[in-house]
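Residue strings, one per chain:
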Amino acid sequence: MAEFVEVLRHLSAAQKPAKGVSLYTRFVNRPAGRVLAALAYQMGATPNQLTVLGALFTFPALAAVALLPPSPRMAVCVGAALAVGFVLDSADGQLARGQRSGSPSGEWLDHVLDCVKIVALHLVVLVSFYRFFTLPSPVWLLAPMVFQLAAVVIFFAGILTEKLKRRTPGEVPPGSPPALRSVLLLPVDYGLTCLSFLFLGSQDVFLAVYCALLLAHVVFLAAFLVKWFRELR
């Protein structure tokens, strides 16, 4: 037990800064990922193994959304599996930093699977809407497509901006206070999108929650693109 606590402290010291992340990532996903990373550290697992394990939680859950009629039990299983997959996505990076075993190939694998995950998530929602939902109008089928576009562009542009900043001199303009920013970023946290699937058993509730998150992503997409372009310029 003492060794496990020491590993947790070691991983905590190698944690990414809290700037630019939401309350969910900071206080739920990263701490849970740290626990799994510490267990993996003691077992001698590699970051890539955690990345693949996260995919094994995520993609079967997404397949269930496309293949099975929504029900409360299925919704809980899907939401829990997606949340665990997201925790493992945090754990692999923490383990890599703790072991000092990070590599370009590992980062590439992590980002590629993240991108596939984002695309697949909204694709299976589109399939579920078409197969199982009683929508007010076929126009609602556009919602997953727009959500997918906004989420993928935010993901790609965020990574690209981070990479370019490392080569761009100059100061970054100050942003919102960290506490306020953490609250404001909640609607575009992937973890919150995962938890929204807990409502999949109630079509009206899920549709309302999903579209609310969609609207937040569209608004934040515009804000992020302007902010990142100005920072790089």
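Use the structure listed above.
In this report, the structure presented in the accompanying data block is examined. Just so we're clear, the structure is a prediction, and the values are computed from it rather than from any experiment.

Where helix α5 (residues 104-132) contacts helix α6 (residues 142-165), the axes come no closer than 8 Å and their chain directions differ by 165°. With respect to each other, α5 and α6 are oriented roughly antiparallel. For the pair α5 and α6, the sense of crossing is right-handed. Here Glu107, His111, Asp114, Cys115, Ile118, Val119, His122, Leu123, Val125, Leu126 and Phe129 of α5 come into contact with α6, specifically with Pro144, Met145, Phe147, Gln148, Ala151, Val152, Phe155, Ile159 and Lys163. The residue makeup of the contact of α5 with α6, split by class, is 14 nonpolar, three polar and three charged.

Let us now look at α6. Along its 24 residues, α6 runs 34 Å from first to last C-alpha, staying within 8% of the 34 Å computed at 1.5 Å per residue. Ala143, Pro144, Phe147, Ala150, Ala151, Ile154, Ala157 and Thr161 are the residues of α6 that are buried. Contact partners of the buried residues in α6: α5, α8 (190-196) and α9 (203-232).

Another point: the packing of helix α3 (residues 47-67) against helix α4 (residues 72-99). Contact pair α3 / α4: the axes reach a minimum separation of 8 Å and the direction vectors enclose 165°. As the angle between them shows, α3 and α4 are arranged roughly antiparallel. Note on packing geometry: the crossing formed by α3 with α4 is left-handed. Along its contact with α3, which presents Pro47, Leu50, Thr51, Leu53, Gly54, Phe57, Thr58, Ala61, Leu62, Ala64 and Val65, the element α4 presents Met74, Val78, Ala81, Leu82, Val84, Gly85, Leu88, Ala91, Asp92, Leu95, Ala96 and Gln99.

Now for the side chain of Ser182. Along the chain, the position of Ser182 falls in helix α7 (residues 178-184). According to the relative accessible area criterion, Ser182 is buried, its value standing at 3%. Here the side chain of Ser182 touches Val21 through a polar contact of 3.2 Å, landing on its backbone oxygen. Not counting the four nearest positions on each side in its chain, Ser182 is found in contact with Val21, Ser22, Leu23 and Arg26.

Our focus in this paragraph is the state of the cysteines. Between two cysteines, a covalent bond joining their sulfur atoms is known as a disulfide. Enumeration according to the criterion identifies zero disulfides in this entry. The thiol of Cys211 is not disulfide-bonded; the next cysteine sulfur, from Cys194, is found 17 Å away. Cys211 sits in the buried class, given a relative accessible area of 18%.

A separate point is the environment of Val226. When you line up the elements, Val226 lands in helix α9. In sequence terms Val226 and Leu207 are 19 residues apart; their C-alpha atoms lie 29 Å from each other.

Another aspect to go through is α4. One turn of the α-helix equals 3.6 residues, which is why residues spaced by three or four share an orientation. The terminal C-alpha atoms of α4 lie 40 Å apart, and with 28 residues this matches the ideal 40 Å at 1.5 Å per residue to within 8%. Looking one or two residues beyond α4, the residue adopting positive phi is Arg100, at roughly 55°.

What follows concerns the packing of aromatic side chains. Scanning the model with the defined rule gives 11 aromatic pairs in all. Look at Phe197 and Phe206: their rings are 5.3 Å apart centre to centre, the planes differ by 55°, and that puts the pair in the tilted class. Each member of the aromatic cluster is reached from another via a ring pair, and the members are Phe129, Phe133, Phe147, Phe197, Phe206 and Tyr210.

It is worth spelling out the nonpolar core at this point. Ranked by size, the top nonpolar core spans 37 residues in total, and within it Val78, Leu82, Phe129, Phe133, Phe197, Leu200 and Phe206 carry the most contacts. Contributing elements (two or more residues each) for this core: α3, α4, α5, α6, α8 and α9. With eight residues, α5 is the single largest residue contributor to this core. Beyond its immediate chain neighbours, meaning those up to four positions away, Phe133 contacts Pro70, Ser128, Leu200, Gln203 and Phe206.

All right, on to the environment of Arg9 then. Tracing the backbone through its elements, the reader meets Arg9 in helix α1 (residues 2-13). According to the relative accessible area criterion, Arg9 is exposed, its value standing at 57%. Sequence separation between Arg9 and Val87 is 78 residues, and the spatial gap between their C-alpha atoms is 18 Å.

Conventions and cut-offs
- Residues numbered from 1 in each chain as written.
- Predicted model: local features only at pLDDT ≥ 70, side-chain atom pairs only at ≥ 80, totals over all residues.
- Heavy atoms only, no water.
- Axes fitted to C-alpha atoms, helices over the stretch in contact; angles between N-to-C directions.
- Helix = DSSP H or I, 4+ residues; strand = E, 2+ residues; numbered from the N terminus.
- Parallel < 35°, antiparallel > 145°, perpendicular 65-115°, else oblique.
- Left-handed = near helix turned anticlockwise from the far one by under 90°.
- Contact = heavy atoms within 4.5 Å.
- Nonpolar A, V, L, I, M, F, W, Y, C, P; charged D, E, K, R; others polar.
- Expected span 1.5 Å × (residues − 1).
- Buried < 20%, exposed > 50% of the residue type's maximum accessible area, 1.4 Å probe, protein only.
- Polar contact = N/O pair within 3.5 Å; in protein donor to acceptor, adjacent residues only side chain to side chain.
- Disulfide = S-S within 2.5 Å.
- Phe/Tyr/Trp six-rings, centres within 6.5 Å; stacked < 30°, edge-to-face > 60°.
- Core = buried A, V, L, I, M, F, W, Y, C linked by side-chain atoms within 4.5 Å.

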